[in-house]
Protein chains: 2
Amino acid sequence: MIDSSVAVSCSNCSVRRLCLPAGLSLEDIARLEQVTRKKKVIKAGESLYRPGDSFQNLYAIRSGSFKSVIIAADGDTQVTHFALPGELLGLDAYSKQVHSSYAEALEDSSVCRLPFAQLEILAQQVPALQQQIYSIFSEELRQENEILMLLGKRSADTRLAALLINISSRYASRGYSHSEFILSMPRTDIANYLGLTAETVSRLFSRFQRQNLIKVNGRVVQVIDLLGLSELAGTHCGYEGEI
Amino acid sequence: MIDSSVAVSCSNCSVRRLCLPAGLSLEDIARLEQVTRKKKVIKAGESLYRPGDSFQNLYAIRSGSFKSVIIAADGDTQVTHFALPGELLGLDAYSKQVHSSYAEALEDSSVCRLPFAQLEILAQQVPALQQQIYSIFSEELRQENEILMLLGKRSADTRLAALLINISSRYASRGYSHSEFILSMPRTDIANYLGLTAETVSRLFSRFQRQNLIKVNGRVVQVIDLLGLSELAGTHCGYEGEI
DNA sequence: CGGCTTGTTGATCCTACTCAAGAGGTGTGG
DNA sequence: CCACACCTCTTGAGTAGGATCAACAAGCCG
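Before going into details, it helps to say that this report is about the structure given with it. Within each chain, residue numbers correspond to sequence positions counted from 1 in written order. Chains and ligands are labelled by the order in which they are written, letters from A for the one and numbers from 1 for the other. Totals for whole chains, interfaces and linings use all residues, but because this is a predicted model, local features are given only for residues with pLDDT of at least 70 and pairs of side-chain atoms are given and counted only at 80 or more. To get the side-chain values, all heavy atoms of the structure are used, and hydrogens and water are removed first.

## Examining the side chain of Arg159 of chain A
Residues and elements named next belong to chain A.
Phase 1 of the analysis: Following the sequence through the fold, Arg159 ends up in helix α4 (residues 156-172).
Phase 2 of the analysis: Asp157 is the oppositely charged side chain nearest to the buried, salt-bridge-free Arg159, at an N-O distance of 8.1 Å.
Phase 3 of the analysis: Any pair of nitrogen or oxygen atoms within 3.5 Å is treated as a polar contact; in protein, a donor-acceptor pairing is required on top of that, and neighbouring residues in sequence qualify only through side-chain atoms on both sides. One polar contact links the side chain of Arg159 to the main-chain carbonyl oxygen of Arg154, over a distance of 2.9 Å.
Phase 4 of the analysis: Residue contacts follow a heavy-atom distance rule, with two residues in contact if any of their heavy atoms lie within 4.5 Å. Residues in contact with Arg159, not counting those within four places in the same chain, are Leu150, Leu151, Arg154, Leu194, Gly195 and Leu196. Numbering of helices and strands runs from the N terminus, with a helix taken as a DSSP run of H or I at least four residues long and a strand as a DSSP run of E at least two residues long. Only protein chains enter the calculation, and the probe is 1.4 Å; a residue is then buried if its accessible area is under 20% of its type maximum, exposed if over 50%, and partly exposed in between. Here Asp and Glu are counted as negative and Lys and Arg as positive; His is not counted, and neither are the chain ends. Any carboxyl oxygen of Asp or Glu within 4 Å of a side-chain nitrogen of Lys or Arg constitutes a salt bridge here.

## Quick word on the protein's contact with DNA strand D
Phase 1 of the analysis: Nearness of a residue to a molecule or strand requires only that one of the residue's heavy atoms be within 4 Å of it. In the vicinity of DNA strand D, 15 residues are found, and the nearest of them are Ser202, Arg203 and Ser206 of chain A together with Ala156 and Thr200 of chain B.
Phase 2 of the analysis: The sugar-phosphate share of atoms of DNA strand D within 4 Å of the protein amounts to 62%.
Phase 3 of the analysis: Arg187 of chain A places a main-chain nitrogen or oxygen 2.8 Å from a phosphate oxygen of DNA strand D.
Phase 4 of the analysis: Between a phosphate oxygen of DNA strand D and a main-chain N or O atom of Ala156 of chain B, the distance comes to 2.7 Å.
Phase 5 of the analysis: Secondary-structure elements contributing two or more residues to the surface near DNA strand D are α6 (198-210) of chain A together with α6 (198-210) of chain B.
Phase 6 of the analysis: Examining the composition of the surface near DNA strand D, we find that four residues originate from one element, α6 of chain A, more than from any other.
Phase 7 of the analysis: Side-chain classes are defined by residue name, with Ala, Val, Leu, Ile, Met, Phe, Trp, Tyr, Cys and Pro counting as nonpolar, Asp, Glu, Lys and Arg as charged, and the others, Gly among them, as polar. Grouping the amino acids of the surface near DNA strand D by side-chain chemistry returns three nonpolar, six polar and six charged.

## Observations concerning the sheet that holds strand β1 (residues 38-42) of chain B
Two strands in a sheet stick together by hydrogen bonds in their backbones, pointing the same way (parallel) or opposite ways (antiparallel).
Residue and element names in this part refer to chain B.
Phase 1 of the analysis: At least two bridges found by DSSP between two strands are what make those strands a pair. An order of β1-β7-β2-β5 is seen for the four strands of this open sheet, with the pairing classed as antiparallel. This sheet does not close on itself; its edge strands, each paired only once, are β1 and β5 (88-89).
Phase 2 of the analysis: Sheet analysis places β1 next to strand β7 (residues 109-115), joined by five bridges and oriented antiparallel. Opposite Lys39, over in β7, you have Cys112 as the bridge partner.
Phase 3 of the analysis: Working convention: axes come from line fits to C-alpha atoms, limited for helices to the stretch in contact. Angles between N-to-C directions cover 0 to 180 degrees. Set on the sheet, helix α2 (residues 116-125) makes contact with β2 (57-63) and β7; between it and β7 the angle comes to about 60°.

Structure follows, in structure tokens:
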């Protein structure tokens, strides 16, 4: 894990409108940059933080992707989130001031490190930043509710369809193709996230391909029939930025 | 839904240390009270807000209990939370300024209404309140993660055991018995919350009783063997205030 | 009392899990 | 350059846990 401590600029960051600076004036963005000028490069498989680490920073993803994982007392794990550029990691550690999950890079990635103590002080002075922090907290709660819905009721094919649509839409809102993308996570992580086994996920990918909903080749996914996929998902897809 | 608009006092509220005033000085509590002096009585079955309602207030539960429910596009529902006195409802609506869930009273209950716009301004001036709001957001994220773990991996009996222990501990932290309590929600709500059917939940209650883990009579639950129940739950119980 | 809601129990079925074998891809070292 | 180990992914066969369908009991309230 290299801490290159490079000065970063929010104003020319490609995901600024999905990240903390969203809704801030140029002046306020400048103040935010002074608090958050550290940039870190994280290699695939490395972790930003681990359970038990004291809470010091939030991390904003600049590029790459991460999984958030919690570990139960018996060592069992649960993937709770796949995070893409512009998203913040670490918010759940605030209340206990200790991380209870770990965030592992699914591919070589880079993040901005945001010392929360400083962010907190700045937010006290900049209402727009304050509101953006509330907004991100609240949005994360809303998204977790949708995952709950998925895990609570839905069949295996519905869950996978919903995940594919969700990821597709999130890539789209970041300027990438919504019809073809590369899943940065292995089948086991997808299965864990969806509350299924890797075998079931693999079978579903094969079946979706037979049904001409998608084309799969390893981690490369091409969406053929978005409508069909949406119907399968029952629109419980958490399509980002919409409703 | 009666808006009795009674002046309320946080300082003599029995759940103040679980609620927003936690960690605040007497002086700051007084300022908080001025923002939040409305009290509402909600009858069993009535809702605090519904999906589509604009976000104006947070609600702090004084007495009684609520369920939070989200509704999917196809009308399917998911109970995401059972809320007890001291807990805040409505946080997930901030980012969109519209409620996407509803909060229904499981029994006759009373709440404090907190106009968020005013709370936001006060928090800007009172860092301790600010921190308490972050803390509540963060804690809610952490709790949702634990539910995710439950729904994602665990067997039916583990889920129910974990819920019973969770509720038991939450009653205990509010000064009630942890070994005997009344479930304010019907079996269908428990089932929905746990991602099971009402029949399965009912069978599990019967089985737990046969195994001498609990004694059940309708909604009255008596915990006989807390340790056995904990083992079943695998300590994925979200025991409040601990870890 | 009678209608309604909530909860219990039984029988059967089906979805996704488990166990197992093998294919495809990648990186390392000889 | 090939051989080998290793890891991820796929596919198959059998199984089990929870869903579904259905009947009935127990409260509760007008």
